[in-house]
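Listed here are the chains, written in short residue letters.
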Amino acid sequence: MLNNARFYSKLGMNVIPCNYKFPTVSWINYTKQPTPDAPSLFDWDVNSIAAISGVNDYTVLDFDKADMSHIDDILRKLKLPADYPWAVESGSGKGFHIWFRFKRTDSFLNRFGDKSWLLFYPKKSAVCNHAELRLRNCYTILPPSSHVSGLEYCFRNAEPEHEPPYIDLEIMEKFIFDNFVFTPVNNNGKSLKVNPVKLKEYEINKLSSAVQYLAENLGEGCYPVWNKLGLALCSLGKEGYPFFLTLSNNPKYKDDEKKIEKHFHQLLRSYNGSITVGSVFYTAKQYGWVPPFSPFWTIVKNKVVFDFNKYINFLSDNNFSRMHFNGIQYFCYTDGYFINFVNEIFFKDYVYLFIKNLPEYSDESKKKTAIVLDAIIKNTFLFKKDTLEFLPGLDLTIQTDKEKEGYFFFKNCYLKITPDDLETLGYETLESHIYSERVIKKNFRLSGDTICDFETFCLNICDKDAERFDALRSSLGYLLHTFKNPVTAKAVVFTDENLSEGAAGRSGKSLLAKSLGYIRNLVEIDGKNFQFHDRFAYQRVTPASEIVLFNDVEKNFAFEKLYNIISDSFTIQKKNHSEFILPFSESPKLVITNNLPIRNNDFSTKARLFEIEFSSYYNIFRTPYSEFKKRFFDNWEEEEWNSFFTFMAGCVKYYLKYGLHEYSFINLQKKKVINATCLEFFEFMEQYLIYNEYISKPKFLNDFKEAEPSFGELKSNTFFRWVKYF
């Protein structure tokens, strides 16, 4: 890192060595004056480097858990160019930093206060979880530092060659107030009044446990976390100080009580209500804290009386919550990184087993436990929807695919897919949560380059044609990549290349389509019996659904009725519930299988279709089972599963790099004409038609009837509608 330290120092930055996010030196002494000799002061045999805000007016905006697709818009709002060199992608892949220089003028101090950093929450949650304006006395990691995930911090564009520009106060204030929720201080520099929260006895005990745990487990370099937690404790007003004092009793730091008290009162003056004590509980859980148990019942004369408020707190402490989707309530249980949708039976089992497994120190305690368990069995109201609706809402960030990143989640790891790489990572590197329905219930490791049976099956589908195989791979990658772009949204259609007028089938379409369900959450709909007018047609679709398969649809399938679902939101009606809407970005992708092609003689339909022809390699006489001597998925060993997952991940990688790959159709256009007209008409046109030669309409129709006497009663309108389609 020595050369990087020299580079940044020449640009006027105060830099310090770090290992990952943690400084290896006491950096607080370098926050006031420029330290150009930093490269020679410190040991740079480290994997990371950071710069301190405030020195030479260096300032940074830190966007946490941010969607990178918004960075161009943010640069534009800050009046910075799209190729701005001081934009840094975080090593976590979950955020970015924008460096610039900024003068903290008297006007700024009067409005925002003399603070080291400002915390903002976005008006649109899709932009980021929160943002920080780091003004002084803060350090921020710089490229090419390492992240614990194994990735590196990097400049989004070309590396900078000069100091970053200054941003004017007017531009910064407009950016903050247009895009974030923030309560400024008044002109006297004092905080606007925020009424302190009053905690109940149970909540006080819980908070005491959390801050004590954090005091013992926060490591070196934890100043930003400590500072945020202090701000969260300010939601209690002056009553938050004893908790902050406990939190600050960290053996790795030696601040005296006066200094701690002074810092808390500085935080208290700047507190604006944007962060609450809930952040303390959330952070403690991230470090491994388990909330203390407090009984939610009392026993009076062998009769159990339940305290429902304490009961809801008990469930919340044990990671139960609820999700609300336009009138539909889902109850959730979060287990580590995994969010599970649960029903009342799960609640009953969890509560019963939790109490049953409580320590019993005497015969008397055993007797009381038995009384409580009996009461729980009889008191079904504990598990009714009306009671559980008082659970807090789920407030977690869900891990989703990004425009140029995809993820497969397994029991033992997750697979990160980019246009150039496949990488397995441990869940400890994941900064968001995932629905357990989206986890593949198998362990995984990357397999080698040997072609597996499933890849051979796909090659045979394409008649071993390289161009067709690339098109097939791209379609599988598109379906398995859950990120959705309204400009490129399509339904993928698997159809037969066979030219016969009837339905052939048995070519492997359904097998391939259903294989997607071993990786993504797939909902299969019976295409033959599907009715668009059935308002409950999509009732099995949930917020966790990722692909909807219309399997084996009929000849006259009304594809145009899927237009809105493909390129807009997805409206779902469940029995006994109000309809709800999945926004486009969260709705599933569509795949359709059919024997006869979808009619798409209009631009709107063509723009929403990506069609793959299946060769007749597999048929009623030759099946995958007869060729490979095993049933796919049912009789696979671990190595075959790993090869399958690796191949499918490779399809996503191919799609991320090249997009949907078009190919020259074999018989598809011919089949569409035959499907819309008839085989006799198609054969007549192939033999009869001479381009750029005039023929009168009456003669044209008469020649067809002479060639095909069975169509002697064919009406003129029908014939020329066929001609137009051809």
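Before going into details, it helps to say that this report is about the structure given with it.

1. Topic: the overall build of the protein chain
Counting its secondary structure elements, the protein chain contains 25 helices and 28 strands. In terms of overall dimensions, the protein chain has C-alpha extents of about 105 × 80 × 50 Å along its principal axes. Of all intrachain contacts in the protein chain linking residues separated by at least 6 positions in sequence, the fraction that spans at least 24 positions is 74%. Total accessible area on the protein chain is roughly 35,600 Å²; 49% of this is exposed by carbon and sulfur atoms. Charge centroids of the protein chain, computed over 89 positive and 90 negative side chains, lie 6 Å from each other.

2. A short note on the pattern of salt bridges
Inspection of the entire model under this criterion finds 25 salt bridges. Two residues, Asp-62 and Arg-134, come together in a salt bridge whose shortest N-O distance is 2.7 Å. Of this pair, Asp-62 sits in strand S4 (residues 58-64) while Arg-134 sits in strand S8 (residues 130-134), and the two are 72 residues apart along the sequence. By relative accessible area, Arg-134 is classed as buried at 12%. Note that Lys-348 and Glu-344 form a salt bridge whose closest N and O atoms lie 3.6 Å from each other. Residue Lys-348 and its partner Glu-344 are located together in helix H12 (residues 344-356), separated by 4 residues, close to a single helical turn. Its relative accessible area of 36% is what places Glu-344 among the partly exposed residues.

3. Overview of the sheet that holds strand S18 (residues 414-418)
Hydrogen bonds between backbone groups are what pair the strands of a sheet, and the pairing can be parallel or antiparallel. With mixed pairing, 4 strands are arranged side by side in an open sheet as S19-S18-S17-S21. Sheet topology places strand S19 (421-425) and strand S21 (439-440) at the edges, where each strand pairs with a single neighbour. Alignment of strand S17 (residues 406-410) against S21, held across 2 bridges, turns out to be parallel. Pairing of Phe-409 across the sheet is with Val-439, part of S21. Along the sheet, helix H21 (residues 638-658) makes contact with S17, S18, S19 and S21, crossing S18 at roughly 30°.

4. Examining the packing of aromatic side chains
Summed over the entire model, instances satisfying the criterion amount to 80 aromatic pairs. Seen from their ring centres, Phe-102 and Phe-108 are 5.2 Å apart, and the 75° between their planes marks the pair as edge-to-face. Relative to Phe-557, the ring of Phe-530 lies with its centre 6.5 Å away and its plane at 45°, an arrangement referred to as tilted. Of this pair, Phe-530 sits in the loop between strand S23 (522-526) and strand S24 (547-551) while Phe-557 is found in the loop between S24 and helix H18 (563-567), placing the two residues 27 residues apart along the sequence. By relative accessible area, which is 11% here, Phe-530 ends up buried. Residue classification places Phe-557 among the buried residues on the basis of a relative accessible area of 12%. The residue whose ring lies beneath Lys-206 is Phe-281, and the NZ or CZ to ring-centre distance is 4.3 Å. The positively charged end of Arg-622 is found above the aromatic ring belonging to Tyr-617, 3.8 Å away from the centroid.

5. Focus on empty space enclosed by the protein
In total, this model carries 3 cavities of 30 Å³ or more according to the counting rule given. The space that makes up the largest cavity amounts to roughly 100 Å³. Looking at the largest cavity, the residues that line it are Trp-27, Trp-117, Glu-132, Arg-134, Asn-137, Cys-138, Tyr-139, Tyr-223, Pro-224, Asn-227 and Lys-228. Elements with a contribution of two residues or more to the lining of the largest cavity: S8 and helix H7 (223-233). Along the lines of polarity and charge, the residues of the lining of the largest cavity split into 6 nonpolar, 2 polar and 3 charged. Size it by volume and the second largest cavity reaches roughly 70 Å³. Considering the residues around the second largest cavity, the lining is formed by 13 residues, among which Ser-92, Lys-94, Leu-151, Tyr-414 and Lys-416 are closest to the centre.

6. So, the environment of Asp-374
Position of Asp-374 relative to the elements: it lies in helix H13 (residues 363-378). Exposure remark for Asp-374: the relative accessible area of 38% places this residue in the partly exposed category. For Asp-374 and Ala-87, which are 287 residues apart along the polypeptide, the C-alpha to C-alpha distance reads 61 Å.

7. What to know about the pairing of S23
Here S23 shows one buried face, formed by Val-523 and Ile-525, and one open face, formed by Leu-522, Glu-524 and Asp-526. Sheet topology places S23 next to S24; 5 bridges connect them, and they run parallel. Its bridge partner lying in S24, Leu-522 is registered against Ile-547.

8. A word on the pairing of S8
For a regular strand, side-chain orientation follows a simple rule: the groups alternate between the two sheet faces. Within S8, 5 of the 5 residues are buried, which leaves it mostly tucked inside the rest of the structure. Pairing of S4 with S8 involves 5 bridges; the strand directions are antiparallel. Note that in S8 the partner of Val-60 across the bridge is Arg-134. One ladder, built from 4 bridges, connects strand S7 (residues 117-122) with S8; its direction is antiparallel. When the bridges of S8 are listed, Phe-120 appears paired with Ala-131.

9. Brief notes about the sheet that holds strand S9 (residues 139-142)
The strand order across the open sheet built from 4 strands is S2-S1-S3-S9, with neighbouring strands paired in antiparallel fashion. Every interior strand has two partners, whereas the edge strands, strand S2 (22-23) and S9, have only one. Pairing analysis gives 4 bridges linking strand S1 (residues 15-19) to strand S3 (residues 48-52), with the strands arranged antiparallel. Residue pairing across strands places Pro-17 opposite Ile-49, the latter belonging to S3.

Reading the values: rules and limits
Residues numbered from 1 in each chain as written. Predicted model: local features only at pLDDT ≥ 70, side-chain atom pairs only at ≥ 80, totals over all residues. Heavy atoms only, no water. Helix = DSSP H or I, 4+ residues; strand = E, 2+ residues; numbered from the N terminus. Contact = heavy atoms within 4.5 Å. Areas by Shrake-Rupley, 256 points an atom, 1.4 Å probe, with all protein chains shown as cover. Lys, Arg positive; Asp, Glu negative; His and termini not counted. Charge placed at Lys NZ, Arg CZ, Asp CG, Glu CD. Salt bridge = Lys/Arg side-chain N within 4 Å of Asp/Glu carboxyl O. Buried < 20%, exposed > 50% of the residue type's maximum accessible area, 1.4 Å probe, protein only. Pairing = 2+ DSSP bridges. Axes fitted to C-alpha atoms, helices over the stretch in contact; angles between N-to-C directions. Phe/Tyr/Trp six-rings, centres within 6.5 Å; stacked < 30°, edge-to-face > 60°. Lys NZ or Arg CZ within 6 Å of the ring centre and 35° of its normal. 1 Å grid on protein atoms, 1.4 Å probe; cavity = no way out; pocket = protein on both sides within 12 Å on 5 of 7 lines; lining within 4 Å. Points joined across faces, edges and corners; volume = space filled by probe spheres on them. Nonpolar A, V, L, I, M, F, W, Y, C, P; charged D, E, K, R; others polar.

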